[in-house]
Amino acid sequence: MEKQVESASSPLTSRRHFLDLVLGASILGWLASIAYPVIRYLKPLPQTGPTGPTHLTRDEAAKLEQNQFVIVPVSGQRVIVLQSQDQLYAFSAKCTHEGCTVTYQPGQSVIWCPCHDGRFDLTGRVVSGPPPQPLVKYTAQRQPDGGIVISVEKA
Amino acid sequence: MRTGFVITGLVLAAVGLAANRGLAETKPTLSSLLTAKDKDGKPIITQEERTYFDGLNENLKGLVNEVVQKQIVTRPEHLGMLLSLELRPQKMELLLKNNCALCHSDSEIQTPEDLFSLSPKTAGTPGHMNLKDLVDDVHFQVGLSCAGCHGGDPTADFGHEFVKQWPEKDRTKKRAWVAEFCARCHSDPALMHQFNAALPTDQLAKFKESPHGQLLLVKHDDRAPTCISCHGVHGIRPAKDPQSKVFAQRVPETCGACHSNAQIMTGFTLPDGSALPTTQLAEFKKSVHGRALLERGDLGAPACNDCHGNHAALPPGVASVSRSCSICHSTNASLFDGSKHKQAFNEHNWAECSKCHGNHAIAKTNDSMLSTKSGSLCGDCHRQFASNHPECIETANYFHDTITQMDKARTTFITASEKLAQRGLDVEPIDNQLNELTDALKKSRTYIHSFSHAPFQQAAAPGQEAAKQTRALVEKARQEYKYRQVGLAVSIAWIGLLMLAVYLKLRQLET
Amino acid sequence: MNTAEKRSGLRGWLDRRYQLSPLLDFLQHKEVPLGSHWMGWYYLGGVTMFFFIVQVVTGVLLLMYYQPGEATAYESIRFLTTKVPFGWLIRSVHSWSAHLMIISLVLHMFSTMMLKAYRPPREITWVSGFFLFALTMGFGFSGYLLPWNKLAYFATTVGTNIVASIPLLGDWLLQVLRGGHDVTINTLYRFFAAHVVILPLAFVAIIGLHILLIQRQGMAPPLGARVAPRGMKFFPSFALRDLLLWLACLMVLAALAVFLPYGPGIPGMDWELGEKADPFAPAYPGIKPEWYFLWEYQLLKEFPPHLFGLEGPQVCLFIIGILFAIWAVIPWLDRRAYQDRSSPAFSDLAWAALLFLTYLTLMGWDIGANGAIEGLAAMQKVARVCAWWTLAAGLVVLVVRSLRYQHRWFVFSGAALLQAALHGVFGVSYLLAGTISLGLAILAIAVLNFTRSSPDERRAN
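Rules and cut-offs
- Per chain, the residues get numbers from 1 upward, laid out in the order the sequence is written.
- Naming scheme: in the order in which they are written, chains are lettered from A and ligands are numbered from 1.
- Note on the predicted model: pLDDT of at least 70 is required for a residue's local features to be given, and 80 or more for side-chain atom pairs to be given and counted; whole-chain, interface and lining totals, by contrast, use all residues.
- Side-chain numbers here rest on the full set of heavy atoms in the structure, without hydrogens or water.
- Under the DSSP-based scheme used, a helix requires at least four consecutive residues in state H or I and a strand at least two consecutive residues in state E, with every element numbered from the N terminus.
- For this measure, only C-alpha atoms enter the radius of gyration; the expected value for a globule follows 2.2 Å times N^0.38, where N is the number of residues.
- Residues count as neighbours in contact if any of their non-hydrogen atoms are within 4.5 Å of one another.
- Throughout, the Shrake-Rupley method with a 1.4 Å probe supplies accessible areas, and for residues the shown protein chains are the sole cover considered.
- Positive: Lys, Arg. Negative: Asp, Glu. His and the chain ends are not part of the count.
- Charge positions are represented by NZ for Lys, CZ for Arg, CG for Asp and CD for Glu.
- Between 30 and 60 degrees the pair is tilted, below 30 it is stacked and above 60 it is edge-to-face, where a pair is any two Phe, Tyr or Trp rings, Trp via its six-membered ring, whose centres lie within 6.5 Å.
- Should the NZ of a Lys or the CZ of an Arg lie within 6 Å of a ring centre and within 35 degrees of the ring normal, that charge is described as sitting over the ring.
- Residue ranges labeled as domains rest on an automatic or database domain assignment.
- A carboxyl oxygen of Asp or Glu within 4 Å of a side-chain nitrogen of Lys or Arg is what we treat as a salt bridge.
- What qualifies as a polar contact is a pair of N or O atoms within 3.5 Å, subject to a donor-acceptor requirement within protein and to the restriction that residues adjacent in sequence count only when both atoms come from side chains.
- Residue classes follow a fixed rule: Ala, Val, Leu, Ile, Met, Phe, Trp, Tyr, Cys and Pro count as nonpolar, while Asp, Glu, Lys and Arg count as charged, and any other residue, Gly among them, counts as polar.
- In this text, buried Ala, Val, Leu, Ile, Met, Phe, Trp, Tyr and Cys residues form a nonpolar core when linked through side-chain atoms within 4.5 Å.
- Accessible area is worked out with a 1.4 Å probe on protein chains only. A residue is then buried under 20% of its type maximum, exposed over 50%, and partly exposed in between.
- We call two strands paired when DSSP finds no fewer than two bridges between them.
- A fitted line through C-alpha atoms serves as each axis, taken over the contacting stretch for helices, and the angle formed by two N-to-C directions is quoted from 0 to 180°.
- In this scheme, roughly parallel covers angles under 35 degrees and roughly antiparallel covers those over 145, while 65 to 115 is roughly perpendicular and the rest are oblique.
- As a working definition, buried area equals the accessible area (1.4 Å probe) given up by two parts on being put together, with both sides summed.
- Distance thresholds for patches are 9 Å for like charges and 5 Å for nonpolar side chains (Val, Leu, Ile, Met, Phe, Trp, Tyr), applied to residues having over 30% relative accessible area and no salt bridge.

This part takes up the overall build of chain A. Along its length, chain A carries two helices and 10 strands. When the helices and strands of chain A are listed from N to C terminus, the series reads α-β-α-β-β-β-β-β-β-β-β-β. Taken over the C-alpha trace, chain A has a radius of gyration of 29 Å; the compact-globule value for 155 residues is 15 Å, which it surpasses by more than 25%. Here the C-alpha coordinates of chain A stretch approximately 95 × 35 × 25 Å along the principal axes. Taking the intrachain contacts of chain A between residues at least 6 apart in sequence as the baseline, contacts between residues at least 24 apart amount to 33%. Taken as a whole, chain A presents about 10000 Å² of accessible surface, with 56% of it coming from carbon and sulfur. Positive and negative side-chain charges of chain A, numbering 14 and 12 respectively, have mean locations separated by a distance of 5 Å.

Scanning the model with the defined rule gives 35 aromatic pairs over all chains in all. Connected via pairs of aromatic rings, a cluster forms that spans B:Phe336, B:Phe345, B:Trp350, B:Phe385 and B:Phe451. One residue, B:Arg484, lies across the ring of C:Trp88, its end atom 3.6 Å from the ring centre. Taking the ring centre of C:Phe234 as reference, the NZ or CZ of C:Lys30 above it sits at 4.5 Å.

Glancing now at the domain arrangement of chain A. In terms of domains, chain A is made up of domain 1 (1–43) and domain 2 (54–154). Averaged C-alpha coordinates put domain 1 of chain A and domain 2 of chain A at centres separated by 58 Å.

Right, let's get into the interface of chain A and chain C. Across the contact, 11 residues belong to chain A and 15 residues belong to chain C. In this structure, the connection of chain A to chain C is made through zero salt bridges. Applying the counting rule to chain A against chain C returns two residue pairs in polar contact (both at pLDDT 80 or more). Counted by class, the side of chain A that touches chain C contains nine nonpolar, no polar and two charged residues.

Our next topic: the nonpolar core. When a protein is soluble and globular, its nonpolar side chains tend to lie buried together. Formed by 70 residues in total, the largest nonpolar core has its most connected members in C:Phe51, C:Phe203, C:Trp327 and C:Ile330. Broken down by element, the residue count for this core peaks at 12 residues, all from helix 11 (residues 234–259) of chain C. In this structure, C:Phe203 is in contact with C:Phe52, C:Met101, C:Leu132, C:Leu135, C:Thr136 and C:Phe139, ignoring residues within four places of it in sequence. If you look at the next biggest cluster of nonpolar residues, it comprises 31 residues, including B:Leu34, B:Tyr52, B:Ile72 and B:Phe140.

Residue and element names in this part refer to chain A. The strand order 5-6-7-8 describes an open sheet built from four strands, whose pairing is antiparallel. Either end of the sheet is taken by a strand with one partner, and the two such strands are strand 5 (103–105) and strand 8 (126–128). Strand-to-strand twist across the sheet, computed as the mean angle between neighbouring axes with direction ignored, equals 40°. Sheet topology note: the strand 6 (residues 110–113)/strand 7 (residues 118–120) ladder contains three bridges and is antiparallel. Within strand 7, the position partnered with Cys113 by the bridge is Gly118.

What follows covers the environment of C:Ile166. Mapped onto the elements, C:Ile166 comes out in the loop between helix 8 (150–161) and helix 9 (170–178). A C-alpha to C-alpha distance of 16 Å links C:Ile166 and C:Ala325, two positions 159 residues apart in sequence.

Attention shifts here to the packing of helix 7 (residues 123–145) of chain C against helix 8 of chain C. Residues and elements named next belong to chain C. At a closest axis distance of 8 Å, the pairing of helix 7 and helix 8 adopts a crossing angle of 135°. Here helix 7 is positioned oblique relative to helix 8, judged by the angle of their axes. On the side of helix 7, the interface is formed by Phe141, Tyr144 and Leu145, while helix 8 contributes Leu151, Ala152, Tyr153, Ala155, Thr156, Gly159 and Thr160.

Taken together, the contacts link 23 residues of chain B with 22 residues of chain C. Counting each side, the surface lost to burial between chain B and chain C is near 2000 Å², with a carbon and sulfur contribution of 73%. Contact with chain C buries surface across chain B, with B:Arg484, B:Leu488 and B:Met499 losing the most and accounting together for 25% of the total. Connecting chain B to chain C are two salt bridges. Two residues, B:Glu510 and C:Arg241, come together in a salt bridge whose shortest N-O distance is 2.8 Å. Taken together, the connections running from chain B to chain C amount to three residue pairs in polar contact (both at pLDDT 80 or more). Among the secondary structure elements, those contributing two or more residues to the side of chain B that touches chain C are helix 26 (390–422) and helix 28 (453–510) of chain B.

Quick look at the side chain of C:Thr156 now. Here C:Thr156 shows up in helix 8. Overall, C:Thr156 belongs to the buried group, its relative accessible area being 1%.

Turning our attention to the domain arrangement of chain C. Domain annotation of chain C identifies domain 1 (1–28), domain 2 (35–337) and domain 3 (343–461). With centres defined by C-alpha atoms, the gap from domain 1 of chain C to domain 2 of chain C works out at 39 Å.

A word on a nonpolar patch on the surface. All names here are of chain C. Nonpolar side chains collect at one region of the surface, where Phe318, Ile319, Ile322, Leu323, Ile326, Val329, Trp332, Leu333 and Tyr338 lie side by side and expose about 780 Å² of accessible area between them. Among the elements of the structure, helix 13 (312–328) and helix 14 (330–333) are those that each provide at least two residues to the nonpolar patch. With five residues, helix 13 is the single largest residue contributor to the nonpolar patch. Here Trp332 is to be found in helix 14.

Below, the structure is given as structure tokens:
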């Protein structure tokens, strides 16, 4: 595999050079052939789980009645469902600032993030505090049988 | 004078002693029986029998003493045999109060025909005179002992009124009265419900309608079976008891005792005039049902009475066969009823299920039955009887091809899945699809009985889909394996290259 | 100006802060003894360490997905090997490397015995190596349970049961080991902690000592070999050769992981995940511990329930303890090597140990049973077949040793072969055969000692 270098000036150096090149390249290639599986291995798989519209369980509906809000998983995301003046609202519960889970204060009709005092109104818009973006809206519907369904709002 | 008195006194004493001894010899006591020894000096009553006796309660010991006092049991061998049964206290009490059984188990005073022994074969006594069976008998255990059928008074010494009515094993004696006799109790609901509320009480009525009953009671043919032919006479056990002659697993041999015996069955014919066969038992033993019942012990499998009835024992006519099969195979039956075959079979007056599957020799079904080549079931029948319906041949071919394809796919994929699993690949999705394929295959084979394209297609379609999915998954797994091999080759190539470079560097540094 | 400041670049920078020069000088001058002996033996320690490094790397990767717990241990490994990209590879490499590490460790240990590398000043190196051997067994045993499958569950039950036979402490030890009276999920938690933290820490500490000593003392030249005045330079010559060998081992590992992902399929060397552990299901027949424990498992079977007033397993454990204790203090037992004289007795002892273990391991594998493993007749057949194999192997070893290496001392290996022959071929009980062989060996040694008038080096080859 080693080429016979016929350079008249310094055959030894150029051969050594070439060999070092080959050595370096093969080390890199070998490290890549180890790194590739390890990197693929370490990257987590996409979350699986139920997708699509989510029904609130009985416990969750009870909590909603009791506290005026409840945080439920929808397609792997945290969603805050709250009711104010007989109206149902649903937003992403992940604050757009640093990702803390927000809460709802019924008396004040704000969605509040305790981590850095960010506040959102009932349309999801930022009212005060550091959050840069409004909360993503979800659709909450009350079913004829009394159940509540949360689904991703169609644009 | 004095000498005379002494001599008389001695003579009297001698006479008195002899008389005493003689009296003692004629009246054995319990203790003398228990300690009696044989001519070699060994005790006749064994250690185990003695231990059993010692463990009896006072009441039973008293009863034993009584039967010895009354001289019903006079010999240590007889006592030993009774003790060796090692009966539970209740049964022992029943036995000890039953003079009939006690007397009739004494081999010294009974003729072989009248003797109850522990093992009839070796004792030369008839098979139904088994003492062990007697004490297990369900009648005996509820208190209906010998006198209940034979009459007489078991507490008295002697009672033999009914004996003359009971023939020996000679089958030519009149036995038609037996059914009515048993029915005295067994057809009386009020009486039977005192013992077992779940027992039916219509056996006699059914028996009278059956061929067995007709043969016995109308035609007065004494070859016909009576109650005791199937249930036994002295060792009658409930049908759920595995030792009972009418326990599910033993029913075939009980029926076969007559029905497989060509001598007994001579002269009987089928409705069409041909001789009644005697091959049913042999065929049943080889059949799916027979092997399930007799070899695997599956009590859900049918015995003779599940299809033919037990007391009613009707031979299946055309209509009743499909009804008895449909008890278990309901889906197949309802599909068949909705199919074209039903009308066709009825027109030809063919038995529905058994025309294709047989009746006693029902073998495991085979996909080749479906084909239309000569020698196959569907093909031959249709060519002979339905040659004016060529579309049926096409349907049969369709059935056959679909099923054999699915079956072949299944076996191929199972092998492939095992191989892939060995190679370390994830075969769970493949196995899930294979389960669906297996289910669809089973359903398709059932839906053949609709004999129609559309319902079968509905059953087979998920299977074909599953087969397709499985093929895709197997292919995917094979690709993954190839990918691994390629990856290995690449990494080996790089490692090899690196090794070569290191080696050359080494050479370079050392020269 | 000191030489450190003269160096330029990164090396100079580090040197000026950490004074690397002495270390670098040492490394540049480190040598591996060259001579009439085969260099190959010196690689085995490094190969063992290579496999250990592979274990640590793959172990850390496995730790990212493995979750100990009743509902998660088995499931997480199933998830790992089926759904995670290259998860099958990481697990397979981890399992293979474990077995290969043990094999190379045993070879390394035996080579040390042959070369008498344990003679002064290297006694501590030997003892630390002994502890490394024990820790590796512990790694194998604790790691085996972690998949929480049927095989692991029962192997662990059988394996930990032995502990109960230790007098006085047995019951306490059993409960501490198992986290209870039986093997439960608590056992898994303890074994996990041991496998992932306790044993690695201990191992790293002791291997640090082991390697430190080797650096301090240099690699041992073998006894009796003619040593060249200059050895092979460690850097770069030996190191690059070592690297070459490690790369070859890596290649072998990769190929094994792809083509034999669940092991070679030998009982005791088969890690197909199988079914989840179920304490209420009966153990399946033919269950065996891992192959490196088979000899102890078989030895335990050879003891009667009671012996000398003690329980059989207790006596067996005692004897195993004595054997290990002897093995640990070999540097002090070998008086001749201590005086730098050739010690054929101890080379032979190493071979004897190998044959002894071979015979027991073969029997533990039921070689020759052809299916039937129940009953005295089957066991005798197994013993006979294994004895013939062991004797055949022993004969080959004997021939090679006497012809190629001119060894003459065969008392210990002869005793081991005699025991195999007496037990397998002549049907003598294993313990009786062992006692006879040992007795004869001691007799032979006594006779040899008394007939030898003067310490004669040339005769004692």
